[in-house]
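Listed below are the residues making up each chain.
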Amino acid sequence: MSDAKIAVIGGGSTGSAIVHDLASRGLDVTLIERGTIGSGTSGRFHGLLHSGARYAVNDPKAAEESILDNEVISKIAPHCVEDTGGVFMALKGDDQSFADKFESACKHAGIPIEQIPTEKLLQEEPFISKDVSIAFSVPDKTINSFRFITSLLLTAKSEGAKIRLGNEVIGFDVEDKAVKGVKVKNNISGEIETLKFDLVINASGAWASKILSDYLNINSIKMVLSAGTMVVVNRRFAKRVVNRLRLPSDGDIVVPYFTESIIGTTSFIVDNPDNFEVDEDDFKFLLAEGAKLIPAIKEYGMSRYFAGVRPLIAADEDTGGGSRSISRDFKIFDHGVTDGVSGILTIVGGKLSAARLMGKQISDFICDKLGVKTQSNTDKIKLLWPDLSADNLKNLSKSLLVSESLLKDILFETESKTYGDIYSPVKDLLLSKELFS
């Protein structure tokens, strides 16, 4: 067993999954996160645990990864997942020929798919548009990312990992073109210290290239920061996740979350994941497109909105289709090979639905470098979820260095909670129905 000390920068779903995987193999690993649980992209998405069907036609590798982790995450973290099922439906006037291509691609990716008679679908989902012409059932689900990340962190701690939330990376200790440590600032106390490590993994998502550029002058990773706006409607209209049967596009999904519905998403390029504006036209567009799938949305309007930034890997070739045409696959970069700076790796791309797989693959890569023979078994380890009590809450708060109020929001989540309520800027629009005018 290696005695190497490893740091993972970024405590979203990817970083937390990496820490869990490495710790489960007995390695000495520390998570460094500038914020707290789910305070980045993982806390700002529509809550979908992908079946992979969305990507089956134009991004088959991402589709295969999604269905694999869809099944695994459902088994290891059942307290985080609702097995809603999903439906992809074409409306009258849509390209009806896409259905055959979609069904074939799903089967090729190993995604269970079944055509549903429209009459049966309308009986089961009465709020769905009567204009539905073709419908397919797929195993889409929803996942509570706050619970998922909390479970990963609690499990990793039980395996010996060290968790440092509220610690922002402000530099690296570099000797002879090798990273030897990470300089961090405690965002609560203001204390600055340098932590020594033998290997650093940059899993900071939308912030990955900025960290490399600012502190190591590494600019080899070309990323596209694709922001997406989502609107929340204060009513759950369907049991299933409702998708438009077409290539991925804006406003083509309605995700049920507790008693609410999340309509997603737009896609626009931003420069800074910490500072970007959302156009009010996005709300109008999403509500209008959502109402095509579920007409009652027009009557309810929007209660609030939120936005997150997807960290995509830029394609080598020009993508005329914008960020929608960029793969949702992930990639590992060894900067000793690509940039002549050893001791640091970066993983970018991917999605929460494939977080466990991403954690496994980069951990396999690291173990191979370190000569560690222990295999990953994160597909079998049930993630921890605590028995809840007042004393437990205090102990967990101290253990994770997370405020009790935030833990209450996560552990005692109510039906009124949904993505964006904790971190994202949200707005109540009293006259939201006027957005249709």
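Residues numbered from 1 in each chain as written. Predicted model: local features only at pLDDT ≥ 70, side-chain atom pairs only at ≥ 80, totals over all residues. Heavy atoms only, no water.

1. Some points on the overall build of the protein chain
Then comes step 1: Looking only at helices and strands, the protein chain has 12 helices and 21 strands in total.
Then comes step 2: Residues classed as buried in the protein chain amount to 58% of the 437 residues present.
Then comes step 3: Of the contacts formed within the protein chain by residues at least 6 apart in sequence, a portion of 73% connects residues at least 24 apart.
Then comes step 4: Per element, the accessible surface of the protein chain, about 18,100 Å² overall, is 48% carbon and sulfur. (Helix = DSSP H or I, 4+ residues; strand = E, 2+ residues; numbered from the N terminus. Buried < 20%, exposed > 50% of the residue type's maximum accessible area, 1.4 Å probe, protein only. Contact = heavy atoms within 4.5 Å. Areas by Shrake-Rupley, 256 points an atom, 1.4 Å probe, with all protein chains shown as cover.)

2. As for the sheet that holds strand β4 (residues 81-82)
Then comes step 1: Spatially, β3-β8-β4 is the arrangement adopted by the three strands of the open sheet, whose pairing is antiparallel. Here the strands that pair on one side only, and so sit at the sheet edges, are β3 (48-49) and β4.
Then comes step 2: Relative to strand β8 (residues 141-143), β3 runs antiparallel, the two sharing two bridges. For Leu49, the partnering residue across the bridge sits in β8 and is Lys141. (Pairing = 2+ DSSP bridges.)

3. Comments concerning the packing of aromatic side chains
Then comes step 1: According to the stated counting rule, one finds eight aromatic pairs in the structure shown.
Then comes step 2: For the ring pair Phe88 and Phe102, a centre distance of 4.9 Å and an interplane angle of 40° mean the geometry is tilted. Pair noted here: Phe88 is in strand β5 (residues 86-91) and Phe102 is in helix α3 (residues 98-108), with a separation of 14 residues, a long-range link.
Then comes step 3: The class of Phe88 is buried, set by a relative accessible area of 3%.
Then comes step 4: On the accessibility criterion, Phe102 (2% relative accessible area) is buried.
Then comes step 5: Plain terms: the ring middles of Phe283 and Tyr305 are 4.5 Å apart, the flat faces sit at 35° to each other, and that makes the pair tilted. Residue Phe283 is found in helix α7 (residues 280-293), and its partner Tyr305 is found in strand β19 (residues 304-313); the two are separated by 22 residues along the sequence. Accessibility assignment for this pair places Phe283 and Tyr305 in one class, buried. (Phe/Tyr/Trp six-rings, centres within 6.5 Å; stacked < 30°, edge-to-face > 60°.)

4. Re α7
Then comes step 1: Over its 14 residues, α7 extends 21 Å from the first C-alpha to the last, a length consistent with the 20 Å expected when each residue adds 1.5 Å.
Then comes step 2: The N-terminus of α7 is capped by Asp279, whose side-chain oxygen sits 2.8 Å from the backbone nitrogen of Asp281. (Expected span 1.5 Å × (residues − 1). Polar contact = N/O pair within 3.5 Å; in protein donor to acceptor, adjacent residues only side chain to side chain.)

5. Digging into the nonpolar core
Then comes step 1: In this structure, Val8 and Leu22 are the most contacted members of the largest nonpolar core, which totals 37 residues.
Then comes step 2: If one sorts the elements of this core by residue count, helix α5 (residues 145-158) sits on top with five residues.
Then comes step 3: In this view, Leu22 contacts Ile6, Val8, Leu27, Val29, Ile201, Ser363 and Ile366; residues no more than four positions away in its chain are not counted.
Then comes step 4: Counting residues in hydrophobic clusters, the runner-up holds 29 residues, among them Val200, Ala208, Leu225 and Val348. (Core = buried A, V, L, I, M, F, W, Y, C linked by side-chain atoms within 4.5 Å.)

6. Let's talk about the sheet that holds strand β10 (residues 167-175)
Then comes step 1: On the basis of which strands lie adjacent, the open sheet formed by three strands has the order β10-β11-β12 and antiparallel pairing. The sheet terminates laterally at β10 and β12 (192-196), the two strands that pair on one side only. Along the sheet, successive strands turn relative to each other by an average axial angle of 30°, direction set aside.
Then comes step 2: In this sheet, β12 lies alongside strand β11 (residues 178-186) in antiparallel orientation, the contact comprising five bridges. Within β12, the residue paired with Lys185 across the bridge is Ile192.
Then comes step 3: Strands β10 and β11 of the sheet are contacted by helix α6 (residues 208-216), whose axis makes an angle of about 50° with β10. (Axes fitted to C-alpha atoms, helices over the stretch in contact; angles between N-to-C directions.)

7. Let's talk about the packing of helix α1 (residues 13-24) against α5
Then comes step 1: Interaxial distance between α1 and α5 falls to 9 Å at its minimum, and their mutual angle equals 25°. The angle between the axes of α1 and α5 places the two elements in the roughly parallel class. The hand of the α1/α5 crossing is left-handed. Contacts between α1 and α5 involve Ser13, Ser16, Ala17, Val19, His20 and Ala23 on the former and, on the latter, Phe148, Ile149, Leu152, Leu153, Thr155 and Ala156. (Parallel < 35°, antiparallel > 145°, perpendicular 65-115°, else oblique. Left-handed = near helix turned anticlockwise from the far one by under 90°.)

8. So, the packing of α1 against helix α10 (residues 355-370)
Then comes step 1: Two elements in contact, α1 and α10, have axes whose closest approach is 8 Å; the angle formed by their N-to-C orientations is 50°. In terms of axis orientation, α1 runs oblique to α10. Where α1 crosses over α10, the handedness of that crossing is right-handed. Contacts between α1 and α10 involve Ser13, Thr14, Ala17, Ile18, Asp21 and Leu22 from the first element and Ala355, Arg356, Met358, Gly359, Lys360, Ile362, Ser363 and Ile366 from the second.
Then comes step 2: Split by residue class, the contact of α1 with α10 holds seven nonpolar, four polar and three charged. (Nonpolar A, V, L, I, M, F, W, Y, C, P; charged D, E, K, R; others polar.)

9. What about the pairing of β11?
Then comes step 1: In this structure, β10 lies alongside β11, joined through eight bridges in antiparallel fashion. Bridging across to β11, Glu168 finds its partner in Lys185.
Then comes step 2: Joining the antiparallel neighbours β11 and β12 is a turn of five residues, in which Gly190 adopts a positive phi near 85°.

10. A look at the pattern of salt bridges
Then comes step 1: What the rule picks out here adds up to 24 salt bridges.
Then comes step 2: One salt bridge connects Lys360 with Asp364, and the closest N-O pair in it is separated by 2.7 Å. One end of the pair is Lys360 and the other is Asp364, both in helix α10 and four residues apart, which spans about a single turn.
Then comes step 3: The network of salt bridges with common partners includes Asp94, Arg244, Arg246, Glu289 and Lys292. (Salt bridge = Lys/Arg side-chain N within 4 Å of Asp/Glu carboxyl O.)

11. Points about α10
Then comes step 1: Under the 1.5 Å per step criterion, the end-to-end length of α10 is 22 Å for 16 residues, consistent within 8% with the ideal 22 Å.
Then comes step 2: Among the residues of α10, Ala355, Arg356, Leu357, Met358, Gly359, Ile362, Ser363, Ile366 and Cys367 are the ones counted as buried.
Then comes step 3: Gly371, located one to two residues past α10, shows a positive phi value of around 75°.

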